[in-house]
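Per-entry structural report
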Amino acid sequence: MEHNGDWKTLSNEALTKEEKLKWAKVCYPELVQLVQLLQSSTYTVVLTGAGMSTESGIPDFRSQSGWWKNIDPRKVATVDALEEHYSLFQEFYQTRVKALENIEPHIGHYILAKWEKKNLIQAIATQNVDGLHQKSGSKTVYPLHGSIRSFRCHHCDQAVKEEVFMNEDSCSICGGKLRPNVVLFGETLPSDVWDSAYQSIEQADLVIVIGTSLEVYPVNELPSLTKGKTVLVNVDEVSGFYPFDVIVKGKAKEVLEKLNELLEL
Ligand code: OAD
């Protein structure tokens, strides 16, 4: 986020709440706008992408350091890859599972969980498979692309433990190929999760989109379902077709921390 003013002003005890808000309105107008939208909304949904988790140490997909800059998704993240080039598929997902060791939610995840408890937001729809929203305590989470924390046989659907996926090639029951419970390109999204996300965004009067390039269908259609206000929080511009009401350029964690401070003035 551009530094429009010294954020420490908010902790200056000589200033009243009104003076602090007046200062914030001048220096960080889009943050104050978002705080006002959050306070007046009765049903708010947050839609997150990989940019929500980069500050926890998980790479995203399409940034300079993202997975898809070095690896062609068609070679590793498709049904075809699983069926025809299993060793590449397996190596890619084993690497991603291993990269999650010792990864924890950051303060931004915890702030969203706290906002849900305080009834400021009602649901989180996420493309992330890392489980960090759930781990930080958020209850109503719609994991649109599944989970990389659980595993099954692609053939017979038998659930297997992580260590089985990490050490073996095939299902002990039917010999089928093992896989994480993520949605691969070429698969449909889990219909119950999709329907819940769809309905909650349809009824929302505020949708806050955080850290996604909105390049992947069908999730990139979700923000346009709401009749309410839409806000984008992202470090980069999202090349795009979608006219957000408010755009906050910045890192998810920093933006959420600042918003939380303004809410608690
Ligand atoms: P992308 O990598 O496409 O987009 C992440 C966005 O977050 C980019 O616009 C980044 O600039 C931004 N970003 C990075 N760090 C950030 C931060 N700290 N704060 C705010 N913004 C940040 O990831 P997704 O849009 O989530 O699907 O990708 C969607 C889907 O494509 C993924 O779920 C995955 C992938 O292929 C499947 O594998 C099915």
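Keep in mind the model is a prediction, meaning the values are calculated, not measured.

**Digging into unusual backbone geometry**
Cis rather than trans, the peptide bond between Y217 and P218 has omega equal to 5°. By the secondary structure assignment, P218 is in the loop between β7 (206-210) and β8 (229-234). Its identity as a non-glycine residue notwithstanding, D157 has a phi of 70°, on the positive side. In this fold, D157 is placed in the loop between β4 (146-153) and β5 (159-160). Residues other than glycine seldom take positive phi values, yet L214 does so here, at roughly 55°.

**Let's talk about the nonpolar core**
If you look at the biggest cluster of nonpolar residues, it comprises 33 residues, and the most contacted ones within it are W115, I208 and V231. Listed by contribution, the elements that provide at least two residues to this core are α1 (17-27), α2 (29-40), α7 (107-117), β7, β8, β9 (246-249) and α11 (252-263). If near-sequence neighbours (up to four positions away) are discounted, V231 is found in contact with L34, L37, L206, V207, I208, V209, F244, V246 and V248. If you look at the next biggest cluster of nonpolar residues, it comprises 25 residues, including V79, Y86, F92 and L100.

**Things to note about the site of the ligand**
Contacts to the ligand come from 24 residues, most closely from F61, H145, T212, S213 and D236. Between A50 and the ligand, the recorded distance is 2.8 Å, taken from a backbone N or O atom to an oxygen atom. Residue S213 places a side-chain N or O atom 2.6 Å away from an oxygen atom belonging to the ligand. For the ligand, whose free accessible area comes to 790 Å², the fraction covered by protein is 94%. Looking at the shell around the ligand, its residues break down into eight nonpolar, eleven polar and five charged.

**A word on the sheet that holds strand β2 (residues 123-126)**
Strand order in the open sheet formed by six strands is β3-β2-β1-β7-β8-β9, with parallel pairing between adjacent strands. Pairing within the sheet leaves two strands with one partner each, and these edge strands are β3 (141-143) and β9. Averaged over all adjacent pairs, the angle separating strand axes in this sheet is 15°, with direction ignored. Two elements, strand β1 (residues 44-48) and β7, share five bridges in a ladder whose sense is parallel. Each bridged residue has a counterpart across the sheet, and for T48 the counterpart in β7 is I210. Along the sheet, α2 makes contact with β1, β7, β8 and β9, crossing β9 at roughly 125°. Strands β1, β2, β3 and β7 of the sheet are contacted by helix α10 (residues 191-203), whose axis makes an angle of about 130° with β3.

**A closer look at the pairing of β2**
Residues A123 and A125 line one face of β2 and the alternating positions I124 and T126 line the opposite face, and both faces are buried. Relative to β2, β1 is paired through four bridges, and the arrangement is parallel. Directly across from V46, in β2, lies its bridge partner I124. Note that β2 and β3 share three bridges and pair parallel.

**Considering the side chain of H145**
Locating H145 in the fold gives a position in the loop between β3 and β4. Exposure remark for H145: the relative accessible area of 15% places this residue in the buried category.

**What about the packing of aromatic side chains?**
The geometry of an aromatic ring pair is captured by the separation of the ring centres together with the interplanar angle, meaning the angle of the planes. The full count for this structure, using the stated rule, is eleven aromatic pairs. Centre to centre, the rings of W7 and Y28 are 4.9 Å apart; their planes meet at 85°, and the pair counts as edge-to-face. Here the residue W7 occupies a position in the segment before α1, and Y28 occupies one in the loop between α1 and α2, the gap between them amounting to 21 residues. Comparing W7 with Y28 shows no difference in burial state: the two are buried. Taking NZ or CZ as reference, K258 lies 4.8 Å from the ring centre of W7, over its face.

**Topic: the pairing of β4**
Of the strand pairs in this sheet, β4 and strand β6 (residues 178-182) are connected by five bridges, and their pairing is antiparallel. Paired with F151 across the bridge in β6 is P180. Examined bridge by bridge, β4 and β5 share two bridges and lie antiparallel to one another. Note that in β5 the partner of F151 across the bridge is V160.

What counts, and where the lines are drawn
Residues numbered from 1 in each chain as written. Predicted model: local features only at pLDDT ≥ 70, side-chain atom pairs only at ≥ 80, totals over all residues. Heavy atoms only, no water. Helix = DSSP H or I, 4+ residues; strand = E, 2+ residues; numbered from the N terminus. Core = buried A, V, L, I, M, F, W, Y, C linked by side-chain atoms within 4.5 Å. Buried < 20%, exposed > 50% of the residue type's maximum accessible area, 1.4 Å probe, protein only. Contact = heavy atoms within 4.5 Å. Near = heavy atom within 4 Å. Polar contact = N/O pair within 3.5 Å; in protein donor to acceptor, adjacent residues only side chain to side chain. Areas by Shrake-Rupley, 256 points an atom, 1.4 Å probe, with all protein chains shown as cover. Nonpolar A, V, L, I, M, F, W, Y, C, P; charged D, E, K, R; others polar. Pairing = 2+ DSSP bridges. Axes fitted to C-alpha atoms, helices over the stretch in contact; angles between N-to-C directions. Phe/Tyr/Trp six-rings, centres within 6.5 Å; stacked < 30°, edge-to-face > 60°. Lys NZ or Arg CZ within 6 Å of the ring centre and 35° of its normal.

Nothing here speaks to function; it is geometry throughout.
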